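Chain by chain, the residues run as shown.
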Amino acid sequence: MKEGYKLIYQKPKTLREKRMHYCPGCFHATTHKLMMEVVEELGIQEKIIGVCPVGCSVFAYDYMDVDMQEAAHGRAAAVATGIKRMHPDKIVFSYQGDGDLAAIGIAETIHACNRGENFTFIFINNGIYGMTGGQMAPTTLEGQKTTTSPYGRDPKKAGLPLKMCEIVSQFDSVAYVERVSCNTPANARKAKRAIKKAFEYQMQGLGSTFIEVASNCPSGWKCTPEESLEWLKEKAFPYFPLGVFKKPEEV
Amino acid sequence: MGEIKLMKGNEALAEAAIRAGLQGYFGYPITPQSEVVEYLAREEPKHNYVLLQAESEVAAVNMLYGAGGAGARVMTTTSSPGFSLMQEGISYIACAQIPCLFANIVRGGPGLGTIQPSQSDYFQATKGGGHGDYHLIVLAPNSVQEMVDHVYLGFELADKYRSPAMLLSDGAIGQMMEKVQLPDPIEYKPDKPWATTGKKPGQERNYLTSLYIQPEEMEEKNIELQAKFKKIEENEVRFEEYKTDDAKIIIVSFGLSSRISKKSVDMAREAGLKVGLFRPITVWPFPANKIADIAARKQVNFFISIEMNAGQMVEDVKLAVNGKKPVYFYGRMGGIIPTPKEILTAVQARSRS
């Protein structure tokens, strides 16, 4: 620390010294930081094992300083199941995007939830395939333009966007479901609290925990980071409302 | 040592896995191998392994990836259509170098095919099967006893080389009952400092991936994998010879068809024809050098590959013989098992021509 300076903020020690590849304004970076702050606060760096997906966050293991496995597209829930079943005393999470969790991997998602696999899903829903260049996702909004829905998503052809929180909260075996966002500092703090609660419930062995981050994709949405926050508020939140969908009874 | 029992091939395989220290089994039912998961389900309360019936073979192989990556001794078993579904996961497992054991109790294909025994997954098993350059260590049992022995060996080789290993068996060996000697159970203590079991204090985190986006790094990873495969080829080739010393005709056959071919060798010898059997036990690594040695013998007139498929291993035999002697093929497809007499007739026909 330089003389005359006072430390008022630093990134968690559980984030690695590695420059992130995420686009400016993307919530992946924010969510990584929030998660690793929680890991630091709970003191579980040596007890947590993560699974990253195929998608923009495929390199999450480069940033999170915890043991991790990189899964095939859509299979993070199955990989997390394998890890958690062998290490029930550890904390396990899957970190997945909407294409990964809600399209190609929806079978693994649904069955892991129905079995009440005691790990935490961190589900980044930005309504688009970011890594492959902005194609339509299962969560792309009605009328939203993407490279594969250039005239806007047509529900007659593509159905309506999947509401994953609403789906998984129906399982008895799922303990905790909350949809959060990082579009404002207040919401980011709420998101962090939700992640913390999810890990804590997992440590209590309560069943599957599912945190959806209603996220953005300035690059894929072809807008500025600021405009992406507006879009979230005006278009995404009305369809994907934030809030707790399910929580353990005693709390 | 060990216990002698009369057992079905699939059940013997399951019992052997338990005795070899199985810690996790993830699988999906499919004929003709469902007895494996059923046996493990029945025995589960007596042991400490994790047993999970997955929602699909796709999920099962990825559970294996997770559990094996987290350091456990893990296995899955399936039959041909299910093994096809697992190929993507196996490619990831091969690149991330996760030791685990597969068994494919092969049935006739293509497509949904038949539930009768076949050897038509030879290419898929020995050439990689999924995308990218890789091999599994592939053992081809031809008896219920070897269903047991190869489970022990497969687990051991998987750990030794940080590689997926597999049993390439078939519906007949899986379903038939034979006397089997079961080895004593071992207490498995994994020593896997690379496994994702939680970051160790003062050490770098462990991560398992098959992603190397810079081509230079991806090539480097491939060079590393190829060096490992070469080491396996140098050290782990296994085969069996039967009356090959003075043989003029060499039958090459693996798994179930090698058992039948053995009988054909005896019948041929009775009829005055000097036939011998060369049986690869590891079909990858393939015993190519040994076959080349035999091909160089003066008295050997020709090779004939006997398989329950349209002619798959015969390509490896031809590569090994490298034009030194003629290489023929005889096989049956679609779940038909050839008789010893039928094989003898095929050998005699080539012998006359």
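Residues numbered from 1 in each chain as written. Chains lettered and ligands numbered in written order. Predicted model: local features only at pLDDT ≥ 70, side-chain atom pairs only at ≥ 80, totals over all residues. Heavy atoms only, no water.

(A) Representation of a negative patch on the surface. Residue and element names in this part refer to chain A. Together, Glu226, Glu227, Glu230 and Glu234 give the surface a local cluster of negative charge. If you trace the backbone, glutamate 234 turns up in helix α10 (residues 225–239). According to the relative accessible area criterion, glutamate 234 is exposed, its value standing at 54%. (Patch = residues over 30% accessible without salt bridge, like charges linked within 9 Å, V, L, I, M, F, W, Y side chains within 5 Å. Areas by Shrake-Rupley, 256 points an atom, 1.4 Å probe, with all protein chains shown as cover. Salt bridge = Lys/Arg side-chain N within 4 Å of Asp/Glu carboxyl O. Lys, Arg positive; Asp, Glu negative; His and termini not counted. Charge placed at Lys NZ, Arg CZ, Asp CG, Glu CD. Helix = DSSP H or I, 4+ residues; strand = E, 2+ residues; numbered from the N terminus. Buried < 20%, exposed > 50% of the residue type's maximum accessible area, 1.4 Å probe, protein only.)

(B) The arrangement of the environment of glycine 243 of chain A in detail. Residues and elements named next belong to chain A. Position of glycine 243 among the secondary structure elements: in strand β9 (residues 243–246). Spatially, the C-alpha atoms of glycine 243 and tyrosine 129 are 24 Å apart, while their sequence positions differ by 114 residues. In contact with glycine 243, not counting residues within four places along its chain, are Val177, Glu178 and Arg179. (Contact = heavy atoms within 4.5 Å.)

(C) Focus on helix α8 (residues 185–203) of chain A. All names here are of chain A. The end-to-end C-alpha distance of α8, which contains 19 residues, comes to 27 Å, matching closely the 27 Å that a straight helix rising 1.5 Å per residue would cover. The set of residues buried in α8 consists of Asn187, Ala188, Ala191, Lys192, Ala194, Ile195, Ala198, Phe199, Tyr201 and Gln202. Once α8 ends, the next one or two residues include glycine 205, with phi positive near 75°. (Expected span 1.5 Å × (residues − 1).)

(D) Spotlight on the interface of chain A and chain B. Taken together, the contact between chain A and chain B spans 35 residues of the former and 35 residues of the latter. Surface buried jointly by chain A and chain B totals about 2,700 Å² across both partners, of which 57% is contributed by carbon and sulfur atoms. On the chain A side of the contact with chain B, Asp67, Gln69 and Met86 of chain A bury the most area, a combined 22% of that side's loss. Ionic pairing is found between arginine 205 of chain B and aspartate 62 of chain A, a salt bridge with its closest N-O pair at 3.9 Å. Viewed at the interface, chain B and chain A are joined by 14 residue pairs in polar contact (both at pLDDT 80 or more). Mapped by element, the contributors of at least two residues to the side of chain A that touches chain B are β1 (48–52), α2 (60–63), β2 (67–70), α3 (76–86) and α5 (106–114) of chain A. Of the residues forming the side of chain A that touches chain B, the biggest block, seven residues, is contributed by α3 of chain A. Here the residues of the side of chain A that touches chain B are counted per class, giving 16 nonpolar, seven polar and twelve charged. (Buried area = accessible area lost by both parts, 1.4 Å probe. Polar contact = N/O pair within 3.5 Å; in protein donor to acceptor, adjacent residues only side chain to side chain. Nonpolar A, V, L, I, M, F, W, Y, C, P; charged D, E, K, R; others polar.)

(E) Structural view of the domain arrangement of chain B. Residues and elements named next belong to chain B. Looking at chain B, the domain boundaries give domain 1 (3–235) and domain 2 (239–352). The gap between the C-alpha centroids of domain 1 and domain 2 is 28 Å. Facing 32 residues of domain 1, the contacting portion of domain 2 comprises 26 residues. The junction of domain 1 with domain 2 conceals about 2,300 Å² of combined surface from both sides, 57% of it contributed by carbon and sulfur atoms. In terms of surface lost to domain 2, no three residues of domain 1 exceed Gln119, Tyr122 and Asn142, which account for 32% of the buried area on that side. Summed over the shared surface of domain 1 and domain 2, the number is three salt bridges. (Domains from an automatic or database assignment.)

(F) Representation of a positive patch on the surface in the model. Residue and element names in this part refer to chain A. Together, Arg189, Lys190, Arg193, Lys197 and Lys247 make up a positively charged patch on the protein surface. Mapped onto the elements, arginine 189 comes out in helix α8. The class for arginine 189 is exposed, based on a relative accessible area of 53%.

(G) Geometry of unusual backbone geometry. Residues and elements named next belong to chain B. At the junction of threonine 31 and proline 32, the peptide bond is cis and its omega measures out at 5° in the coordinates. Considering the arrangement of structural elements, one finds proline 32 in the loop between β2 (24–27) and α2 (34–43). The amide bond that connects glycine 109 to the next residue, proline 110, takes the cis arrangement and shows omega of 0°. Of note in this structure, glutamine 97 is not a glycine but carries a positive phi near 60°. Inspection of the secondary structure puts glutamine 97 in the loop between α4 (80–96) and β5 (100–106). Residue asparagine 322 is not a glycine yet carries a positive backbone phi of 50°. Asparagine 322 gets classed as exposed once you look at its relative accessible area, which sits at 61%.

(H) Up close: the side chain of serine 149 of chain A. Residues and elements named next belong to chain A. Tracing the backbone shows serine 149 in the loop between β6 (135–136) and α6 (155–158). For serine 149, a relative accessible area of 6% corresponds to the buried category. From its side chain, serine 149 meets the backbone oxygen of glutamine 144 in a polar contact 3.2 Å long. With residues up to four places along the chain from it excluded, the contact list for serine 149 reads Met136 and Gln144.

(I) Geometry of the pattern of salt bridges. The tally for this structure, following the rule as stated, stands at 35 salt bridges over all chains. The salt bridge partner of lysine 46 of chain B is glutamate 43 of chain B, with a shortest N-O separation of 2.8 Å. According to the relative accessible area criterion, lysine 46 of chain B is exposed, its value standing at 61%. Connected through shared salt-bridge partners, Lys33, Glu37, Glu41, Lys192 and Lys196 of chain A make up one network.

(J) Examining the pairing of strand β7 (residues 174–181) of chain A more closely. Residues and elements named next belong to chain A. In terms of burial, β7 is largely enclosed, as eight of its eight residues are buried. In terms of strand pairing, β7 meets strand β8 (residues 208–214) through seven bridges, oriented parallel. When the sheet's bridge partners are listed, serine 181 is paired in β8 with alanine 214. Following the backbone out of β7, through α8 and into the adjacent parallel β8, one traces a crossover that is right-handed. Taken together, the three bridges between β7 and β9 define a ladder with antiparallel strand orientation. Note that in β9 the partner of valine 177 across the bridge is lysine 246. (Pairing = 2+ DSSP bridges. Right-handed = clockwise from strand over helix to strand, strands pointing away.)

(K) Representation of helix α8 (residues 215–235) of chain B in the model. Residue and element names in this part refer to chain B. If you check α8, its first and last C-alpha atoms are 30 Å apart, about what 21 residues at 1.5 Å a residue would give, namely 30 Å. Of all the residues in α8, the buried ones are Lys221, Leu225, Lys228, Phe229 and Ile232. Along α8, the residues classed as buried sweep out an arc of 100° about the axis, all on the same side. For α8, exposure combined with an orientation more than 90 degrees from the buried face picks out Pro215, Glu216, Glu219, Glu220, Ile223 and Glu234. Check the buried side of α8 and you find it contacts α4, β6 (137–139), α6 (144–161) and β13 (282–284). (Arc of directions from axis to C-beta.)

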